[in-house]
Amino acid sequence: MNIVALSNRLASKVPHWHELEKLSKEDKIEVIALLSMSIANAEEIKTPADRTKEMVERCCGSWVGEQSAEDIIANINESKMSKSEPVKFAY
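Residues numbered from 1 in each chain as written. Predicted model: local features only at pLDDT ≥ 70, side-chain atom pairs only at ≥ 80, totals over all residues. Heavy atoms only, no water.

This paragraph deals with the overall build of the protein. The secondary structure content of the protein amounts to five helices and zero strands. Overall, the protein shows an N-to-C arrangement of helices and strands of α-α-α-α-α. Among the 91 residues that make up the protein, the fraction classed as buried is 2%. Approximately 8800 Å² of the protein is accessible, and the part contributed by carbon and sulfur atoms is 61%. (Helix = DSSP H or I, 4+ residues; strand = E, 2+ residues; numbered from the N terminus. Buried < 20%, exposed > 50% of the residue type's maximum accessible area, 1.4 Å probe, protein only. Areas by Shrake-Rupley, 256 points an atom, 1.4 Å probe, with all protein chains shown as cover.)

Below, the structure is given as structure tokens:
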């Protein structure tokens, strides 16, 4: 792609492209640095799923421990079972 074609393509995407063309070399380098920083910051933007997970962890907390969910469920189910003699009711 030649410079004219590139310039025309950018002019259609960047509203102030013709003003940017008139900048000095130093100013253009500064604009490049700012655009590069915006790209780096954009890569840090989280996906909706990551934001949801972060919100849940921050607001609701999460289980932290050695036991797995299956172990915890098994312990709950074991505690539900009576290990004593059944109660005998007198009539």
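Size it by volume and the largest pocket reaches roughly 260 Å³. What lines the largest pocket is Leu10, Val14, Trp17, Leu20, Glu21, Leu23, Lys28, Val31, Ile32 and Leu35. Those elements that place two or more of their residues in the lining of the largest pocket are helix H2 (17–21) and helix H3 (25–43). For the lining of the largest pocket, the element with the highest residue contribution is H3, accounting for four residues. Tallied by class, residues from the lining of the largest pocket come to eight nonpolar, no polar and two charged. (1 Å grid on protein atoms, 1.4 Å probe; cavity = no way out; pocket = protein on both sides within 12 Å on 5 of 7 lines; lining within 4 Å. Points joined across faces, edges and corners; volume = space filled by probe spheres on them. Nonpolar A, V, L, I, M, F, W, Y, C, P; charged D, E, K, R; others polar.)

Nothing here speaks to function; it is geometry throughout.
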